[in-house]
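Topology and contacts: notes
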Amino acid sequence: MSSTVQTQQTSHSVWQAAVQAGYPAAIWRLPNRTDREVIIDASGHVSTVVMDLEELPMGFAVSPFINPEAENTFFLKADFYWRFDENGTVLAAQNKLSDGHPAFEALFRSEPSGSKNETVSTVKVIEPSDNQQNNFEKNVARAIRQIERGTFRKVVLARTKTVRFEEQPDIPTLFNRLCSAYPNAFVSAVYLPDLNQIWIGATPERLVSVDARGIFKTVALAGTQPAYDTEGRPKRTMDAPWTQKEIEEQALVGRYIIGCFKKIRVREYLEEGPRTVVAGNLMHLRSDYSVDTQVLNFPQLGTVMLRLLHPTSAVCGMPREAAQEFILDNELHPREFYSGFLGPVNVYQAEGPETHLFVNLRCMKLEGQEGTLYAGAGLTEDSVPAKEWRETELKCDTLLSLLTK
């Protein structure tokens, strides 16, 4: 693979140039790391692929919520790739194209136009109407009745909140704010020119990872409460009070993951948790699962588990088919890529290729100057409609607090 990409580029200038030229682009930072990574697809459009992690080239995947067997996943090919440290120094740079390709002129030999002030423009929050809140709470009550009748044990209902910017915000600046505010999250921004959309977010939920040593990882993450007390002081994780509803909600997700392992006869897995973790302004219950695919001689585990897990009970419900049907019949908006998955695929690190896919939560869809925030609440028979509405407000605040500061 060629490594002639010019190294004076910054993540900011690369992003601006790609968007200006209409090239699909993704920038991300993995949890608990500081490096920023960027991929640009010089084809000018995003193709769809079947997610086969052992066969796909280096790239970045973005999946919608509705994507059976992960067969209709958007995929940005890594025609260009950079890895920067937190100060902007280039640590690695690769490309697959000849110097004569038109992308070189667009990305390296022209000055990107647009904002260089590294600010996020003034934003107006379109507060939800009483009618929107009432409709959401009615749907929650309807879901609880279905749970009581045995239709499903859990379902996740989502809603949106709209914001409008005076001018399109500077995405790299917002990305850097998210990195600073949420060091334990997967932070990403993806430009999809075919849809004229940018998706940006900071998600705490890992779906499937396979590192260079063949270690597979996934998590069960559910249950939500504020990370701060009523006086604005951070809570200690050891003191976090969890209700039976939240404990059972998280346990359902964990049992589903273990059920997937049993379905494919994987018995040698490590389970750690549940434990309380902080994700920005929220706390969750989390259990971690890992498998050594080399010891099991099961290199396809990542692909197999991805198809079994998505959409997880943490974003859909259990049983999945009945919960998904209720969601499609009752939610007032399409989820699009919200609660789908996204992340780098077969990106080379020091020891070899790695794949890290995360559930697309705590995110915003940006179309021009209008942003749509998404948030969902996991419902069980112990749910209270007004409390579930409040939970979605807290989740929207993950991004909103950074947009309005």
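The structure we're discussing is the one just above.
In short, a report on the structure. None of these values were measured; they are calculated from a predicted model.

The element strand 15 (residues 282–292) is extensively covered by neighbouring structure, given that 10 of its 11 residues are classed as buried. In textbook terms, the turn of a hairpin is the stretch between consecutive antiparallel strands, and for strand 14 (residues 270–279) and strand 15 this stretch comprises 2 residues, one of which, Gly280, has a positive phi near 70°.

Attention shifts here to helix 1 (residues 11–21). Residues of helix 1 that are buried: Ser11, His12, Val14, Trp15, Gln16, Ala17 and Ala18. Positive phi appears at Gly22, one or two residues downstream of helix 1, with a value of about 80°.

As for its placement among the helices and strands, Val266 is situated in the loop between helix 5 (244–263) and strand 14. Look at Val266 and you get buried, because its relative accessible area is 3%. When the C-alpha atoms of Val266 and Leu301 are compared, they prove to be 9.3 Å apart, with 35 residues separating the residues in sequence. Discounting chain neighbours no more than four positions away, the residues touching Val266 are Phe261, Val291, Leu296, Phe298 and Leu301.

The subject of this paragraph is the packing of helix 5 against helix 7 (residues 301–309). It is at 10 Å that the axes of helix 5 and helix 7 come closest, and there the two elements cross at 130°. Comparing their axes, helix 7 and helix 5 come out oblique. Between helix 5 and helix 7 the crossing geometry is right-handed. For the pair helix 5 and helix 7, the contacting residues are Tyr256, Ile257, Cys260, Phe261 and Lys263 in the first and Met305, Leu308 and Leu309 in the second. Here the residues of the contact of helix 5 with helix 7 sort into 7 nonpolar, no polar and 1 charged.

Under the counting rule described, the total for this entry stands at 21 salt bridges. For Glu370, the salt bridge is made with Arg164, and the minimal N-O distance between the two is 3.0 Å. Taken as a pair, Glu370 in strand 21 (residues 370–379) and Arg164 in strand 9 (residues 154–165) lie far apart in primary sequence, 206 residues in all. For Arg164, a relative accessible area of 42% puts it in the partly exposed group. Notably, a salt bridge pairs Glu388 with Lys245, separated by 3.2 Å at the nearest N-O pair. Of this pair, Glu388 sits in helix 9 (residues 385–403) while Lys245 sits in helix 5, and the two are 143 residues apart along the sequence.

Extensive coverage of strand 11 (residues 197–203) is indicated by the burial of 7 of its 7 residues. By the alternation rule, side chains of strand 11 split into Gln197, Trp199, Gly201 and Thr203 and Ile198, Ile200 and Ala202, which are all buried. Of the pairings in the sheet, the one linking strand 10 (residues 186–192) to strand 11 comprises 7 bridges and is antiparallel in character. Considered in strand 11, the bridge of Ser188 is made with Gly201. As paired elements, strand 11 and strand 20 (residues 363–367) share 4 bridges and run antiparallel to each other.

Cut-off values and rules
- Residues numbered from 1 in each chain as written.
- Predicted model: local features only at pLDDT ≥ 70, side-chain atom pairs only at ≥ 80, totals over all residues.
- Heavy atoms only, no water.
- Buried < 20%, exposed > 50% of the residue type's maximum accessible area, 1.4 Å probe, protein only.
- Helix = DSSP H or I, 4+ residues; strand = E, 2+ residues; numbered from the N terminus.
- Pairing = 2+ DSSP bridges.
- Contact = heavy atoms within 4.5 Å.
- Axes fitted to C-alpha atoms, helices over the stretch in contact; angles between N-to-C directions.
- Parallel < 35°, antiparallel > 145°, perpendicular 65-115°, else oblique.
- Left-handed = near helix turned anticlockwise from the far one by under 90°.
- Nonpolar A, V, L, I, M, F, W, Y, C, P; charged D, E, K, R; others polar.
- Salt bridge = Lys/Arg side-chain N within 4 Å of Asp/Glu carboxyl O.

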